[in-house]
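Fold and contact review
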Amino acid sequence: MKDSTFYALVTLGTLGVAGLGYAMYFDYKRRNDPRFRRQLHQPGREKKKAKQQLEEQERLSQSQISVSIENALQKALDKPLPKDPSQKEQMFMEQVAEGERYAALGEAGFEDAAVCFYRALKVYPDPLELIMIYQKTIPQSVLSVIMGMLSQDVKRRQENYYNAFPPEEMHVKIKELSKAAAMGETMTYKTMVANKDFAVGDTIYTELPETTLLVPGLTGSAHCDYCLRVIADGSEAKQCDTCHQVAFCSETCKTTAEEEYHRFLCPGSAAEPIAAAQQLTGTWADKHVLSPMLIAKFFGHMIHVEKKKQEAGEEPEYTVWERLEHLKFLELTGTDDDAKNQELVCDLIGSKITGLENFMNRERYLMLKGKMLYNAIGVRADGSSCPVSLSGEYTRAASTEGLVGAGLYLVSSYLTHSCEPNAVPTFPDGSSRLALQATRPIKVGDEITMTYIAVGDRPVAARQQELMEKYRLTCSCPLCVAKDE
Ligand SMILES: C[S@@+](CC[C@H](N)C(=O)[O-])C[C@H]1O[C@@H](n2cnc3c(N)ncnc32)[C@H](O)[C@@H]1O
């Protein structure tokens, strides 16, 4: 059964608009969606109106606009927004009516009108649709202020993002570093630094993954498909009642997996197989190509998390999508296989979430694949660390021994590679819960590093070649820089 269109709109509104930033999404649609472009640029009367609006916009000096944008945004954000859907609806109606009253006063009422319309936009499930309605119904000067508020709001959110992420209790910060790299270059990148001193063996933080994937061959009965833990001998593995192809270590893992992703990905019963799910499982099990399955699981997880927050009336500061957006990714050129996998993922998740096929276009699919390949970390069940290495695709890999799967971790993704790292991801519970352990003394402000590849006693050229091929990075770790000089 499909989830309601309203829920899908809210979810995709969150993903597509709040997630990417209204302005970016707006701009993206304008460039890529012909239907949207047509709606924006309607001929005849609309063109004339647009010209008048442009002239009006020019009349307002830049300084006037920017002052009023700052003020207006502050006013709009000063009062908290309701959380309850019916209160939101009521507030929406009130703000639009009030905005219209202010707009009717002419220029003197434009700032207050923009505040009201902006607050209405903040609670409307599909803000993009509302902007399109505003375009046809409110004075252009007010719309200009609203669009300015929007980009200012997005900018503020971007700037503030790392103030509250990672959470304080993890004792690390994300900082931008510039440093000398090989061959005299300077590199600037985001990295994780310590917020306090750590001794060798200390656990710096622990982190749960957003999504995980078991190595093919371990599914079925040996390991829990949700937390990757070994299912102990004698304990009753709880298999999916329909496909019997995945097992869970507990009823909780089974229920959570069902809610988050398995309801999309279950390949069905032997009697009635679901073709797309079977093919996706085959891509992973036979070809060892991990990204389609990771993407599908991640999507299921993200929609589940956002839906839960909505149901609980929580107003998350940032969505899971926004957090993912902040991670770097490999820019990839799509292959025919990618196109097929994108279709499979859309078929599966789109069968439950209306509108997903519009959201999950080629560009976004490749971006997600690039995020997974760049950031996923391998998981071992026995307490030591061993990033995954697969035949077709890879994750950060120190060695392939003891591998049970891969996970996407939003904080640990920021760990920089070093050929002589000061930390190592470990999995002390035997599950995918990651505990980052210090392997050297770390002082406040020090960059925290892990190794993405097998270092051993390999020569610098071999390491650099692998890092370039897999991560397109020229390693600036002390070991590589020293060897280059
Ligand atoms: C997976 S991301 C790590 C997090 C990333 N710094 C970010 O901003 O999200 C990999 C990127 O980090 C930087 N990086 C990681 N390890 C590095 C190293 N040893 N030397 C230089 N750059 C490195 C490069 O910019 C690389 O493209």
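Residues numbered from 1 in each chain as written. Predicted model: local features only at pLDDT ≥ 70, side-chain atom pairs only at ≥ 80, totals over all residues. Heavy atoms only, no water.

The name an unreviewed UniProt entry gives the protein is Mitochondrial import receptor subunit tom20, with Dimargaris verticillata as the organism. Quoted verbatim from the Subcellular location (unreviewed entry) heading of the UniProt record, the comment on the protein is "Mitochondrion outer membrane". (UniProt positions renumbered as here; feature names shortened; annotations may be inferred.)

**Looking at the site of the ligand**
Taken together, the neighbourhood of the ligand is formed by 16 residues, with Lys190, Lys328, Tyr374, His417 and Ser476 sitting nearest. At 2.4 Å from a nitrogen atom of the ligand is found a main-chain nitrogen or oxygen belonging to Lys190. Contact with the protein chains hides 96% of the accessible area of the ligand, taken as 550 Å² for the molecule alone. Every element with two or more residues in the shell around the ligand is listed here: β2 (186–194), α16 (362–375) and β9 (416–417). Looking at the shell around the ligand element by element, the count peaks at three residues for β2. (Near = heavy atom within 4 Å. Polar contact = N/O pair within 3.5 Å; in protein donor to acceptor, adjacent residues only side chain to side chain. Areas by Shrake-Rupley, 256 points an atom, 1.4 Å probe, with all protein chains shown as cover. Helix = DSSP H or I, 4+ residues; strand = E, 2+ residues; numbered from the N terminus.)

**Concerning the pairing of strand β11 (residues 434–438)**
A large share of β11 lies buried, amounting to four of its five residues. The pairing of strand β3 (residues 203–207) with β11 spans four bridges and is antiparallel. Along β11, the bridge assignment pairs Thr203 with Gln437. Where strand β10 (residues 423–426) meets β11, four bridges bridge the pair, whose relative direction is antiparallel. Of the residues in β11, the one forming a bridge with Pro425 is Leu436. (Buried < 20%, exposed > 50% of the residue type's maximum accessible area, 1.4 Å probe, protein only. Pairing = 2+ DSSP bridges.)

**Focus: the packing of aromatic side chains**
The tally for this structure, following the rule as stated, stands at eleven aromatic pairs. The interplanar angle of 25 degrees and the centroid separation of 6.0 Å between the aromatic rings of Tyr374 and Tyr471 together place this pair among those described as stacked. With Tyr374 in helix α16 and Tyr471 in helix α17 (residues 460–471), this residue pair connects regions lying 97 residues apart in the sequence. The same class applies to Tyr374 and to Tyr471, which are both buried. These aromatic residues form a ring-pair network of at least three members: Tyr161, Tyr162, Phe165, Tyr318 and Tyr414. Taking NZ or CZ as reference, Lys297 lies 4.2 Å from the ring centre of Tyr261, over its face. (Phe/Tyr/Trp six-rings, centres within 6.5 Å; stacked < 30°, edge-to-face > 60°. Lys NZ or Arg CZ within 6 Å of the ring centre and 35° of its normal.)

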